[in-house]
Each structure stands twice: as structure tokens, then as C-alpha cells.
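For reference, the chains in residue letters:
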Amino acid sequence: MVSNKRVLFTKAPSGFPIVGEHMKIDETAIDLKAELPEGEFILKTLEISVDPYMRGLMRDATTSSFIPAFTLNKPMSGDTMSVVINSNNMHYKVNDLVYGRTNRGLFEEYVHVSAEYAKSSYVVRNDAKENGLPLSHYVGVLAMPGLTAYYGFKEIGRPKKGETLYVSAASGAVGQLVGQFGKAMGLFVVGSAGSDDKVEYLKTIGFNEAFNYKRGDIEENLRKYCPNGIDIYFENVGGKTLDAVLAVANNFARIIGCGMISQYNLSTHEPIYNIANIVSKRIKFDGFIILDHMEYEEDFLKEVTSLLVSGAVNYKTDVIEGIDKTPEALIRVLRGENFGKQVVHVADL
């Protein structure tokens with residue numbers, strides 16, 4: 001028997017989550033060499049992804065939403081990358097690398113998986129052994145955040161060469177990819193982020209302009225850095241930024257409603273004063289949940305894996321060591337303190 005640390009959801013927060021109150025680490029024991037019933041297997045977790053959407057799952061289970069709430073006093077879940085260390089399932093062999101799907105990969109050092117749970121939750125991704133890409137990419141750029149950027153930009157944004165694309169939270173898990181996709185298609189790309197070093201990073205990966213949203217008025221900055229207005233806005237933050245975009249947007253602009261992280265921990269959401277511009281400017285404003293569009297996953301993986309291997313696309317990760325640090329990592333994301341895709345490195349392969 002060995003110790004098995006788990007990340008538990010223990011209480012629904014009303015504001016920012018607090019480590020030790022709303023999320024806790026506990027320890028159980030697991031026999032890694034146990035004889036397993038047919039179809040079952042054991043995973044050793046290597047990488048964990050923490051993402052803004054998780055804050056919405058930290059709620060009372062009676063409140064419905066697009067994904068069921070986390071279960072009280074049970075392990076949290078999200079995108080994970082693991083290796084099979086014991087198996088009685090022909091589809092998941094020992095030493096296979098396995099991706100835990102969004103909200104399905106369990107946050108435990110070791111995961112005992114049933115045949116039924118595996119069907120909807122875990123996918124073998126052995127290509128990671130051959131292409132030289134870091135395993136952390138498989139919970140970020142090659143997982144839910146990457147597919148979100150790929151689908152939202154292409155299918156909702158409907159970009160045209162020469163248009164202006166503005167991306168908020170542009171140095172984060174999704175934003176940094178959207179900007180690079182836009183640049184590759186010949187758009188004028190502008191991004192905002194919360195620190196000067198993040199702004200400088202955006203410029204190194206091809207953004208035409210970038211600014212620190214904490215410096216100056218957001219609408220004035222948008223008018224300065226987007227002199228021809230905004231044709232496509234990849235929305236990650238909501239609030240005052242969204243309001244300013246509605247003021248600066250061109251006629252027939254497209255707003256890709258991906259997230260609104262500035263509102264997730266507020267008891268009362270900020271008002272939007274320029275909302276009438278959606279009508280007068282004929283703006284298309286589409287919100288989406290990537291889990292509704294998984295038919296794009298195969299093409300996305302082929303295309304973006306190739307771009308990463310060739311070096312045509314760069315992807316920055318912010319790695320924290322140890323499963324114990326998972327709660328702190330999620331809070332860092334919610335406060336905008338991460339620099340790149342936030343990943344928790346649990347163990348080496």
C-alpha cells in the first residue's frame with residue numbers, strides 16, 4: 001500500500017476560494033499491485049491543468065449549469081495526463097500515456113479507474129512519447145484550452161486577412177494561441193495582459209500591439225492600439241473590458257464569448273452600459289462551451305501538434321510542483337497571477 005494524495009472540494013465559496021476551507025488535500029492508501037477486475041486499471045498522475053471554468057463548478061450542486069458541480073468532499077477533476085501502471089484492460093496497457101478529459105481526469109496521485117468511467121473520461125495519447133513535446137502541452141495547448149482557441153477563433157470569429165483582432169487575457173492558456181492563429185492569417189493582432197512582462201512576451205510571439213490593462217483607461221487604450229477599430233474580439237474577461245470593446249467595435253464585428261474571469265468571484269456582476277451597440281453596430285456576439293464542439297478535436301490535434309513540432313506556434317506554461325499546490329495554482333489563475341498556461345506537475349514519467 002502507498003499513500004495517495006487527493007485534491008478535495010470541501011465548501012462552495014462566495015468570493016475567491018480559500019485553501020484549507022474550500023479546497024483541501026487529504027491522503028488515502030492504495031495498493032498499486034492489486035489484482036484488478038476485468039476492465040479496470042490504475043493511473044499515476046503526471047500533469048494537472050487548472051482553469052478558470054473550475055470556479056463555476058465550485059457551487060451548490062442544486063444550481064444547474066453547463067457542467068455538473070464538483071461533489072462535496074470528493075476529488076476535483078479537470079484535464080490530466082497520466083501513465084498506466086497496472087491494468088486489466090486491453091485498451092489501456094501498462095506504460096500507455098493517458099489523457100483525462102475536461103472535468104473527468106481525477107485530481108489524485110493515483111487513480112483507480114473502472115471500465116465504465118474510462119469510456120467517457122480517459123483517452124490514450126501515446127504520440128506524446130514520439131514527438132518530443134512536453135507532457136504539460138497535453139493538458140493545455142493540445143487539450144481543452146487549445147481546442148477552445150482553435151474553434152472559437154476559426155468558427156465564430158470567421159477571420160479575414162487585414163482585420164483587427166483584439167484578445168483580452170492574451171498571455172493566458174487560450175489567448176496566447178488565439179493571437180498566434182490570428183497573426184498567421186494576416187490579421188492585425190492586439191492583446192492586453194496584467195503586467196509589463198506579459199506585454200513584452202506577447203510582442204515576442206507576434207502580437208502587433210500589446211498593453212497593460214492596469215495602466216490607463218481601457219477604452220482609451222483600445223482606441224490607441226486599435227486605430228481602425230475592432231473587427232474580432234476574443235472575450236476572456238468581461239466587465240469594463242467588454243463595455244469598452246462595445247464602444248470601439250466596428251460595424252459587423254464578431255465577439256467570441258469564451259470567458260468572463262473578472263466576474264467569477266463577484267457577488268454582483270458589473271453592469272454593461274454599451275450593450276445597445278450590439279444592435280446599432282450589428283455585432284455578432286456568440287458564447288460557446290467547447291464541450292459542445294468535440295467533433296473538431298481530431299482536426300485540431302493534427303493541425304496544432306504539427307505547428308508545435310515545427311516551431312510555428314509557441315506556448316508558454318507556468319508550472320507549479322506538487323499535487324499539494326493544486327489549490328494555490330487555481331487561485332493564482334483566478335487572480336491573474338499565472339504567466340502562461342497554469343499546470344501542476346505531479347510526478348515524472
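Our structure is the block above this text.
Residues numbered from 1 in each chain as written. Predicted model: local features only at pLDDT ≥ 70, side-chain atom pairs only at ≥ 80, totals over all residues. Heavy atoms only, no water.

Colleague: I'm lost on unusual backbone geometry in this one. Help?
Modeller: Most peptide bonds are trans, and most residues other than glycine sit at a negative phi. A positive phi angle, close to 50 degrees, is found at Ala169, a residue other than glycine. Along the chain, Ala169 turns up in the loop between strand 9 (164–167) and helix 4 (175–184). Since its relative accessible area comes to 33%, Ala169 is described here as partly exposed. Although it is not a glycine, Phe252 adopts a positive phi angle of roughly 65 degrees. By secondary structure assignment, the location of Phe252 is in strand 13 (residues 249–257). (Helix = DSSP H or I, 4+ residues; strand = E, 2+ residues; numbered from the N terminus. Buried < 20%, exposed > 50% of the residue type's maximum accessible area, 1.4 Å probe, protein only.)

Colleague: What is the right way to look at the side chain of Ser168 in this model?
Modeller: Following the sequence through the fold, Ser168 ends up in the loop between strand 9 and helix 4. Side chain to side chain, Ser168 and Tyr233 meet in a polar contact 3.0 Å long. (Polar contact = N/O pair within 3.5 Å; in protein donor to acceptor, adjacent residues only side chain to side chain.)

Colleague: Help me understand the pairing of strand 15 (residues 317–321) in this model?
Modeller: Where a strand is regular, its side chains alternate between the two sheet faces. In strand 15, alternate side chains face the same way, and those of Asp318 and Ile320 are buried while those of Thr317, Val319 and Glu321 on the opposite face are not. In this sheet, strand 16 (residues 341–345) lies alongside strand 15 in parallel orientation, the contact comprising five bridges. Across the sheet, Ile320 pairs through a bridge with Val344, a residue of strand 16. In this fold, the crossover linking strand 15 to strand 16 by way of helix 10 (residues 326–334) has right-handed handedness. (Pairing = 2+ DSSP bridges. Right-handed = clockwise from strand over helix to strand, strands pointing away.)

Colleague: Would you explain the sheet that holds strand 11 (residues 209–212) in this entry?
Modeller: By definition, the strands of a sheet pair up through backbone hydrogen bonds, in either a parallel or an antiparallel sense. Strand order in the open sheet formed by six strands is 11-10-9-12-13-14, and the pairing between neighbours is parallel. What marks the edges here is a single partner per strand, and that holds for strand 11 and strand 14 (284–287). The sheet shows a mean angle of 15 degrees between the axes of neighbouring strands, direction not considered. Strand direction decides the pairing type here: strand 13 and strand 14, joined by four bridges, are parallel. Note that in strand 14 the partner of Ile255 across the bridge is Phe285. The strands touched by helix 5 (residues 196–204) are strand 10 (188–193) and strand 11; relative to strand 11, the strand with the most contacts, the crossing angle is about 175 degrees. Strands in contact with helix 7 (residues 239–248) are strand 9, strand 12 (230–235), strand 13 and strand 14; relative to strand 13, the strand with the most contacts, it is inclined by about 150 degrees. (Axes fitted to C-alpha atoms, helices over the stretch in contact; angles between N-to-C directions. Contact = heavy atoms within 4.5 Å.)

Colleague: Explain the environment of Tyr117 here, please?
Modeller: Within the secondary structure, Tyr117 sits in helix 2 (residues 115–121). Separated by 57 residues in the primary sequence, Tyr117 and Val174 place their C-alpha atoms 28 Å from one another. Residue contacts for Tyr117: discarding those within four places in its chain leaves Arg104, Leu106 and Tyr122.

Colleague: How do you make sense of the sheet that holds strand 4 (residues 74–75) when you look at a structure like this?
Modeller: Judged by pairing direction, the sheet is antiparallel, and its three strands sit side by side in the order 2-1-4 without closing on themselves. Of all strands in the sheet, those bounded by a partner on one side alone are strand 2 (23–30) and strand 4. On top of the sheet, helix 10 reaches strand 1 (2–9) and strand 2; it is set at about 150 degrees to strand 2, its chief contact.

Colleague: So what exactly am I meant to see when it comes to the packing of aromatic side chains here?
Modeller: Two measures describe an aromatic ring pair: the distance that separates the ring centres and the angle between the ring planes. Enumeration according to the criterion identifies 11 aromatic pairs in this entry. Relative to Phe181, the ring of Tyr150 lies with its centre 6.5 Å away and its plane at 85 degrees, an arrangement referred to as edge-to-face. A residue pair is termed long-range when its members are at least 10 positions apart, and Tyr150 in helix 3 (residues 144–156) and Phe181 in helix 4 qualify at 31 residues. Judged by relative accessible area, Tyr150 falls into the buried class, the value being 7%. Accessibility expressed as a relative area gives 11% for Phe181, which makes it buried. (Phe/Tyr/Trp six-rings, centres within 6.5 Å; stacked < 30°, edge-to-face > 60°.)

Colleague: Please explain the packing of helix 6 (residues 218–225) against helix 7 as it appears in this structure.
Modeller: The description of two helices packed together rests on the angle between their axes and the distance between the axes. Where helix 6 contacts helix 7, the axes come no closer than 9 Å and their chain directions differ by 45 degrees. With respect to their mutual orientation, helix 6 and helix 7 come out oblique. Helix 6 and helix 7 meet at a crossing whose hand is right-handed. Packed against helix 6, whose contacting residues are Ile218, Glu219, Leu222 and Arg223, the element helix 7 presents Lys240, Thr241, Ala244, Val245, Ala247 and Val248 at the interface. Across the contact of helix 6 with helix 7, the residue classes tally to six nonpolar, one polar and three charged. (Parallel < 35°, antiparallel > 145°, perpendicular 65-115°, else oblique. Left-handed = near helix turned anticlockwise from the far one by under 90°. Nonpolar A, V, L, I, M, F, W, Y, C, P; charged D, E, K, R; others polar.)

These results come straight from atomic positions and should not be treated as a statement about function.
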